[in-house]
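# Examination of the molecular architecture
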Amino acid sequence: MPCGQQESGGSAAPGRYVVGVDVGSTVVKCHVYDWAAAVRGSSCRKVESLYPRPGWVELDPEVLWSQFVGVIKEAVQAAGLHMRQIAGLGISTQRATFITWHKRTGKPFHNFISWQDLRSAELVNSWNKSLLLKVIHVIFTVLHFLTGNDRYLAPSFLTFSTQQTSMKLSWVFKNIHEAEEAARKNNCCFGTVDTWLLYRLTKGSVYATDYSNASATGVFEPFTKCWNPNLCNLLSIPMSIYPPVKDTSFNFGSADSEIFGVPIPIMAVVADQQSAMFGECCFHPGDVKLTMGTGGFWNVNTGEHLFASRRGLYPLIGWKIGEEVVYLTEGCMSDIGTAIRWAQDINLFTNVDETEKMARSIVDSQGVCFVPGFQISVNDPYLCASFMGLKPSTTRNHLVRAILESVAFRNKQLYDIIVKTVRLPLQTIRADGGVSNNSFVMQMTSDLINKKIEKPANADMSSLGAAFLAGLASGFWTDKEQLKKLRRIEAVFEPQKDSEEYKPAMGIWLQAMKRSLHW
């Protein structure tokens, strides 16, 4: 459904409903679900990113708050419902985007600093080359060798990246005097998007986050399930700024009645990728989720086992519900949906639905390669986006195909890393996100990895996952077995070509990527 429009699933039946909101990097979406997990009403609004300086990416907290409240009101209205019919609200949010504010006044010290922001690039580069980090690697390598404890493995590979919250927080306390002064007086609050929304929804009475969001900051230690004091000491970040960490499916209190007219129970907050994993019903070890939205994410359910960071993969807490803690291993790539939207902005195509037809209208990209500005096996914040191999005969179709091929090639790279690193038999692969609607990308990915990929009928899995978690906490749904029965598969992509046929094209693309490093 295009942003700014609403749709109703028909006349409202009596009963109760759950609301799932997904505060993403490009849009804020809200869906109202009935007991069968059918969408009864929807709304979405575009997220307007701010770029105050080259490489900086911010969000205005007041604008985001207004959009969040607006989509909930619009979706409930579109469903023909009253707010009192809502059994619970589940909130899924983009991860590692954060804000700091004054504890007493509630006034932010700065805009949200996005996970895409590169202001800490020099700091990251300096730390990753530092003698101190090399010493840390040696110490923890020895500790891991002597004890065999995987807890010591992650620090032995520790490298910083611009996507992590830690370095940007360090930047805040080095560059924003008001935040640093408030932190010294124990008056500074830190929050990712979920924490800020909870704080605003409850008019300051609830200050908390959940395990999935905390684990995605890079400041939270998934082994001990605590904020990491050693890392904070290393980066001079005060420990007093962090919120308490609660279960993912949990009664966080109710939204103040002045906001929606009635107090709506807030029954789940969850990070977007973990929420999509839950929405896809990837509940068992070895289940795999591939999300292709603004960024791309491969997640593997590793059950009770926590794999330490290796080869560009990193551990996360998927969700915590009571005594159950589910861990994930994740690999990511940025600039998937971003690159496609950029291509549309420069008029390579009019409608995103055209891209599949454009790519299939030619045999290959004629040697044209597109390198998006992402990194995973290399930690290079200076990797530059580029087109290579352009010729006088190059057309828009070749450029579009090169962009789509780059997504599939990166999927292949990450999948291969996962197979080599995660010591689990991989089960079903389920895809979601806006780019999963592109069957060219889906089929090429299936061919390259030689695996079947399922695509759900509803690609908005983060909203559904948040609703599922809220529904479990409120008793709207009883258990995960019931949720599995509500899944609807729209398409299954099975390998049609031998992956060897793609080797020459992927080889050229890998050369292009190497030439884009250290720009």
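Residues numbered from 1 in each chain as written. Predicted model: local features only at pLDDT ≥ 70, side-chain atom pairs only at ≥ 80, totals over all residues. Heavy atoms only, no water.

## With respect to the environment of Val-138
With respect to the secondary-structure elements, Val-138 resides in helix 3 (residues 131–147). The exposure class assigned to Val-138 is exposed, which follows from its relative accessible area of 54%. Residues Val-138 and Pro-155, 17 residues apart in the sequence, show an inter-C-alpha distance of 9.4 Å. (Helix = DSSP H or I, 4+ residues; strand = E, 2+ residues; numbered from the N terminus. Buried < 20%, exposed > 50% of the residue type's maximum accessible area, 1.4 Å probe, protein only.)

## Let's talk about the pattern of salt bridges
Under the defined criterion, the tally for this structure stands at 23 salt bridges. Where Arg-95 meets Asp-272, a salt bridge forms, and the shortest distance between an N and an O atom there is 3.6 Å. With Arg-95 in the loop between strand 6 (86–93) and strand 7 (98–102) and Asp-272 in helix 11 (residues 272–279), this residue pair connects regions lying 177 residues apart in the sequence. Of the charged contacts in the structure, one is a salt bridge between Asp-256 and Lys-203, with a shortest N-O distance of 3.9 Å. Taken together, the residues Asp-256 in the loop between strand 13 (245–246) and helix 10 (257–260) and Lys-203 in the loop between helix 7 (193–201) and strand 10 (209–210) connect sequence positions 53 residues apart. Classification of Asp-256 as partly exposed rests on a relative accessible area of 24%. A network of salt bridges, in which partner residues are shared, links Glu-280, Arg-430, Glu-454 and Arg-487. (Salt bridge = Lys/Arg side-chain N within 4 Å of Asp/Glu carboxyl O.)

## Structural notes on empty space enclosed by the protein
Enumeration over the complete set of coordinates arrives at 1 cavity of 30 Å³ or more. Around the largest cavity, the lining residues are Val-47, Glu-48, Leu-59, Asp-60, Val-63, Leu-64 and Gln-67. No other element matches the 3 residues that helix 1 (residues 61–78) contributes to the lining of the largest cavity. The residue inventory of the lining of the largest cavity, partitioned by class, reads 4 nonpolar, 1 polar and 2 charged. (1 Å grid on protein atoms, 1.4 Å probe; cavity = no way out; pocket = protein on both sides within 12 Å on 5 of 7 lines; lining within 4 Å. Points joined across faces, edges and corners; volume = space filled by probe spheres on them. Nonpolar A, V, L, I, M, F, W, Y, C, P; charged D, E, K, R; others polar.)

## Regarding the layout of surface pockets
For the second largest pocket, the calculated volume is near 290 Å³. For the lining of the second largest pocket, the elements supplying multiple residues, two or more each, are helix 14 (396–421) and helix 18 (503–515).

## Observations concerning a positive patch on the surface
Taken together, the side chains of Arg-310, Arg-311, Lys-420 and Arg-423 present a region of like positive charge at the surface. When you line up the elements, Lys-420 lands in helix 14. Judged by relative accessible area, which is 64%, Lys-420 ranks as exposed. (Patch = residues over 30% accessible without salt bridge, like charges linked within 9 Å, V, L, I, M, F, W, Y side chains within 5 Å. Areas by Shrake-Rupley, 256 points an atom, 1.4 Å probe, with all protein chains shown as cover. Lys, Arg positive; Asp, Glu negative; His and termini not counted. Charge placed at Lys NZ, Arg CZ, Asp CG, Glu CD.)

## Structural notes on helix 2 (residues 121–128)
Buried within helix 2 we find Ala-121, Val-124 and Trp-127. Down the axis of helix 2, the buried set is contained in an arc of 135 degrees. They therefore lie on one face. Considering only its buried residues, helix 2 is in contact with helix 3, helix 5 (165–175) and helix 9 (229–234). (Arc of directions from axis to C-beta. Contact = heavy atoms within 4.5 Å.)

## With respect to the side chain of Asp-117
With respect to the helices, strands and loops of the structure, Asp-117 is situated in the loop between strand 8 (112–113) and helix 2. Assessed through its relative accessible area of 0%, Asp-117 is described here as buried. Here Val-57 takes part through its backbone nitrogen, which lies 2.6 Å from a polar atom of the side chain of Asp-117. If near-sequence neighbours (up to four positions away) are discounted, Asp-117 is found in contact with Gly-55, Trp-56, Val-57, Thr-162 and Lys-168. (Polar contact = N/O pair within 3.5 Å; in protein donor to acceptor, adjacent residues only side chain to side chain.)

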